[in-house]
Every structure is written in C-alpha cells, then in structure tokens.
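Structure at a glance
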Amino acid sequence: VQLQASGGGLVQAGGSLRLSCAVSGRTFSRVHVAWFRQAPGKDREFTAALRWRGGSTYYADSVKGRFTISWDNAKNTAYLQMNSLKPEDTAIYYCAVDPNGILSSISSNEAYDYWGQGTLVTVSS
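Here goes a summary of the coordinates provided. (Residues numbered from 1 in each chain as written. Predicted model: local features only at pLDDT ≥ 70, side-chain atom pairs only at ≥ 80, totals over all residues. Heavy atoms only, no water.)

**Re the overall build of the protein**
- The helix and strand tally for the protein stands at zero helices and eleven strands.
- Tracing the protein from N to C terminus, the helices and strands come up as β-β-β-β-β-β-β-β-β-β-β.
- Over its C-alpha atoms, taken along the principal directions, the protein stretches across nearly 40 × 30 × 25 Å.
- Going through the 125 residues of the protein one by one, you find that 42% of them count as buried.
- For the protein, the exposed area adds up to about 6400 Å²; of that, 46% sits on carbon and sulfur atoms.
- Averaging the positions of the 12 positive and the 9 negative side-chain charges in the protein gives two centres separated by 6 Å. (Helix = DSSP H or I, 4+ residues; strand = E, 2+ residues; numbered from the N terminus. Buried < 20%, exposed > 50% of the residue type's maximum accessible area, 1.4 Å probe, protein only. Areas by Shrake-Rupley, 256 points an atom, 1.4 Å probe, with all protein chains shown as cover. Lys, Arg positive; Asp, Glu negative; His and termini not counted. Charge placed at Lys NZ, Arg CZ, Asp CG, Glu CD.)

**Some details on the pairing of strand S1 (residues 2–6)**
- Residues Leu3 and Ala5 of S1 are buried on one face, while the alternating residues Gln2, Gln4 and Ser6, pointing to the opposite face, are not.
- Bridge analysis of S1 against strand S3 (residues 17–24) gives five bridges, and the strand direction is antiparallel. Within S3, the position partnered with Ala5 by the bridge is Cys21. (Pairing = 2+ DSSP bridges.)

**Side note on the pairing of strand S5 (residues 45–51)**
- With five of seven residues buried, S5 lies mostly within the body of the structure.
- The sheet contact formed by strand S4 (residues 32–38) and S5 spans six bridges and is antiparallel. Looking at S5, one finds that Arg37 is bridged to Glu45.
- Counted between consecutive antiparallel strands, the loop separating S4 from S5 contains six residues, among which Gly41 sits at a positive phi close to 75°.

**Here we look at the sheet that holds strand S7 (residues 67–72)**
- Here four strands make up an open sheet; going across it, the order is S1-S3-S8-S7 and the pairing antiparallel. Bordering the open sheet on either side are S1 and S7, each of which pairs with just one other strand. Across the sheet, the mean angle from the axis of one strand to that of its neighbour is 15°, orientation sign disregarded. (Axes fitted to C-alpha atoms, helices over the stretch in contact; angles between N-to-C directions.)

**Topic: the pattern of salt bridges**
- Throughout the structure, instances matching the rule amount to four salt bridges.
- Measuring nitrogen to oxygen at the nearest pair gives 2.7 Å for the salt bridge that ties Glu45 to Arg37.
- In this structure, the salt-bridge partner of Asp89 is Arg66, at a minimum N-O distance of 2.7 Å. In this pair, Asp89 is assigned in the loop between strand S8 (77–82) and strand S9 (91–98) and Arg66 in the loop between strand S6 (57–59) and S7, connecting sequence segments 23 residues apart.
- By relative accessible area, which is 0% here, Asp89 ends up buried. (Salt bridge = Lys/Arg side-chain N within 4 Å of Asp/Glu carboxyl O.)

**Considering the nonpolar core**
- Of all hydrophobic cores here, the largest spans 35 residues; its most connected members are Trp35, Leu80, Met82, Tyr93 and Tyr112.
- Counting only elements with at least two residues in this core, the list comes to S1, S3, S4, S5, S7, S8, S9 and strand S11 (119–124).
- Per element, the largest residue contribution to this core is five residues, and it comes from S9. (Core = buried A, V, L, I, M, F, W, Y, C linked by side-chain atoms within 4.5 Å.)

**Points about unusual backbone geometry**
- Positive phi outside glycine occurs at Asn76, with the angle close to 50°.
- Within the secondary structure, Asn76 is located in the loop between S7 and S8.
- Unusually for a residue other than glycine, Ser84 sits at a positive phi of about 50°.
- Within the secondary structure layout, Ser84 lies in the loop between S8 and S9.

On their own, these measurements won't tell you what the molecule is for.
See the structure below:
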C-alpha cells in the first residue's frame, strides 16, 4: 500500500488549505483513514479520521469545527480541508491507513500500518 500526501504550503492565519492523500495498492473491506500531524519539537498527534463503513468522522478537539476529513471513492483519495487556520496548526501532516478498522484505536498512532511521507503546513501570523 502506498500513500502519497500533497497540498501543504504557506498560508496566513485565517486562511485555508486542502490536503490530499492518494492511496494505491491493496483494497480493504474495513479500514480507517486518518490524518496526524507533528509540530516542531512535539510528538505526532491525532488530527482527524474517517471510518470506512458508515463514513463516521472523528476529530481532535483542537481542530473540531475547522477541519473536515473526507474520502473520494472514485479517486481513492482522502482529503483534509483545513479552514480558519491558526499558527499553532503549523506542522508536518501525515495521512495513514489502519487496515483493521478497530474503533477503539482510531486515534492511536500504533493502529496505523501504512503512512504517507508527510506534507508541511506553515501558518503565519
């Protein structure tokens, strides 16, 4: 399975960006697709996830109401629409796939077997 993340860049506070994550390779019947982020000097943290069956979405409190995760089945691509960006959103953003789809671990780094290379988002004040 290969994940290719793109869409990062430099944006002013209050602006928007949309990240993309193209997924290729195996197909799964039950999967979670997620975005994590890692700010300079900090651990990687859960940002958002989408549950394959039912399409339920989950967000970190810090991004709830501002970020939206989605999936385009025709393109095998996940998206993270980020609005009202803040300087504290500055980080490398990683997409990831958990092929087991266990709900209790949807926000856990360790549950995800496949990772993209990361795309840098910088928000200036």
